[in-house]
Amino acid sequence: IFAKRVQWSVQSLAYRSRVVQKLVGDLLNVFQDRLSNTFFPVLQPAIGVGSAFEGWNPHKDDAVYRLLVPLKPPRGHTFHLELGTAGEMPTKFSCIHVELECTCISDQPGENKLCFLHHPEEELRGRQGASLLRTLCTGSYLDTQKTAQWFQQLVTSAWGDMPQSRHYNMKVLPSSRSCKLQLTNASGRTLFIELVFGVQQGDSDIFLTSEPTEVAISIPSTTWPESYAVAEVKFFRHMARQVPLDTFHLKCLQLCAHIVMGTGFSTYTLKTVVMHLLNTLPLSSWSRREFLMRLQDIMCYLHGCLEEKHLDHFLFGNENMPEDIILPPDFQTAEPLNLFQHLVQDSAAHTKALREFNKL
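Residues numbered from 1 in each chain as written. Predicted model: local features only at pLDDT ≥ 70, side-chain atom pairs only at ≥ 80, totals over all residues. Heavy atoms only, no water.

What counts here: UniProt positions are given in the numbering used here, feature names are shortened, and annotations may be inferred rather than shown by experiment.
As annotated in an unreviewed UniProt entry, the protein is IPIL1 protein from Chionis minor. As stated in UniProt under Sequence similarities (unreviewed entry), the record for the protein gives "Belongs to the ITPRIP family." What UniProt states about the protein under its Subcellular location (unreviewed entry) heading is, verbatim, "Membrane".

Okay, structure coming up:
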């Protein structure tokens, strides 16, 4: 009875996620046609990330469907990732250096392409159009704000070519580092979509992204924070194939995340706790009949972490990681990152956190 009172529908969230994924895929296909002969970043298929695509949502019907659009360098360009301070984990203040490469020798017989390195700039402007360095970079570094503005303009100009434009009224919402869309249908139902941009670290599931964060407000626009969202959504998909079909692990997370809203505990903290428990408890125990026991486990785990002032980030130094999640080698050997480090440094914050937990 208590479980049924959780106002949430897996089917509804999954259906709307598929609708959003299809819409964004169609939008990117329109862009690819328009950008095929340009020297702007090559847009890759979008990856759904965040709680809505992981299968839970603390905001009930007001979910923000966030997707990561990976960027590849266009012909004649390379992206060189400068990953913060050497030895720093997680890496902070990373930049994407755009470098030119010689294209004098064309891959296509008879093709007469100009080379950004070896032809005069006037000739390049006349025959090759806008260059990536002049339009989306500050100096020689890819700029998050210029990239977001460029993408927002693409959406505005391309929306009329979308079949979904007959069913939704689209509005681009203000955002300096991403593209936020508000789609409203004839019945007044609204979808909120946020598109962020990223460059992959090697062949791993870790990206440097433009995703707006509290830290991103105070950092330069040429700084791309490290994101673990793709690895985390892959973990939840992996677990969805392993746990019982009633997906009560997500309902546990849904309920707990909703309870902590408005407190000093972030939903990311609760998600981290649940990921650790999914990796340690028998998967068969995440079922309806043990719903309250799992809720108790989540709160007990959180309480223990608060008392010890220590909660490990799930991806750093975790030896029990599913094989289909690809992490950079230094993640495997890194010391576990303490998400509660601020409680170690601030005794008043620790006392407040314990007090808030007791109220929960």
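Read on for the rest.
Here we look at helix 9 (residues 291–308)
Basically, it comes down to this: Runs of H or I in DSSP of at least four residues are treated as helices and runs of E of at least two as strands, each being numbered from the N terminus. In a helix, the anticipated span is given by 1.5 Å times the number of residues less one. Accessibility here uses a 1.4 Å probe with only protein chains present; expressed as a share of the type maximum, an area under 20% marks a residue as buried, one over 50% as exposed, and anything in between as partly exposed. This arc describes the spread of directions from the helix axis toward the C-beta atoms.
An ideal rise of 1.5 Å per residue puts 26 Å on 18 residues; helix 9 measures up with 26 Å between its terminal C-alpha atoms. Residues of helix 9 that are buried include every one of F291, R294, L295, I298, L302, C305 and L306, and no others. Along the axis of helix 9, the buried positions cluster into a sector of 120°, meaning they face one direction only. Exposed side of helix 9, more than 90 degrees from the buried face: L292, Q296, E307 and E308 are the residues found there.

A look at the pattern of salt bridges
What counts is decided by this rule: Note on definitions: salt bridges are taken to be side-chain nitrogens of Lys or Arg within 4 Å of carboxyl oxygens of Asp or Glu.
Summed over all chains, the structure comprises 10 salt bridges. Across the salt bridge formed by K271 and E54, the nearest N and O atoms sit 2.8 Å from each other. Taken together, the positions of K271 in helix 8 (residues 267–278) and E54 in helix 2 (residues 51–54) put the pair 217 residues apart, joining distant regions of the chain. Side by side, K271 and E54 carry an identical accessibility label, which is buried. Across the pair E211 and R66 runs a salt bridge whose closest N-O atoms are separated by 3.9 Å. Here the residue E211 occupies a position in the loop between strand 11 (207–209) and strand 12 (226–227), and R66 occupies one in strand 3 (residues 64–72), the gap between them amounting to 145 residues.

Describing the packing of aromatic side chains
What counts is decided by this rule: Between rings of Phe, Tyr and Trp, where Trp is taken as its six-membered ring, a pair exists when centres lie within 6.5 Å; planes separated by under 30 degrees are stacked, by over 60 edge-to-face, and by other angles tilted.
Tallied over the full model, the rule gives 11 aromatic pairs. Ring centres of Y228 and F316 lie 5.5 Å apart, and the angle between their planes is 85°; this geometry places the pair in the edge-to-face category. Of the two residues, Y228 is situated in the loop between strand 12 and helix 6 (229–240) and F316 in the loop between helix 9 and helix 10 (329–333); the sequence distance between them amounts to 88 residues. Neither residue differs from the other here; Y228 and F316 are each classed as buried. Look at Y228 and F331: their rings are 6.1 Å apart centre to centre, the planes differ by 65°, and that puts the pair in the edge-to-face class. With a gap of 103 residues between them, Y228 in the loop between strand 12 and helix 6 and F331 in helix 10 connect regions that are remote in the sequence. Residue classification places F331 among the buried positions, given a relative accessible area of 1%. Following the ring pairs from residue to residue traces out a cluster consisting of F31, F40, W150, F151 and F197.

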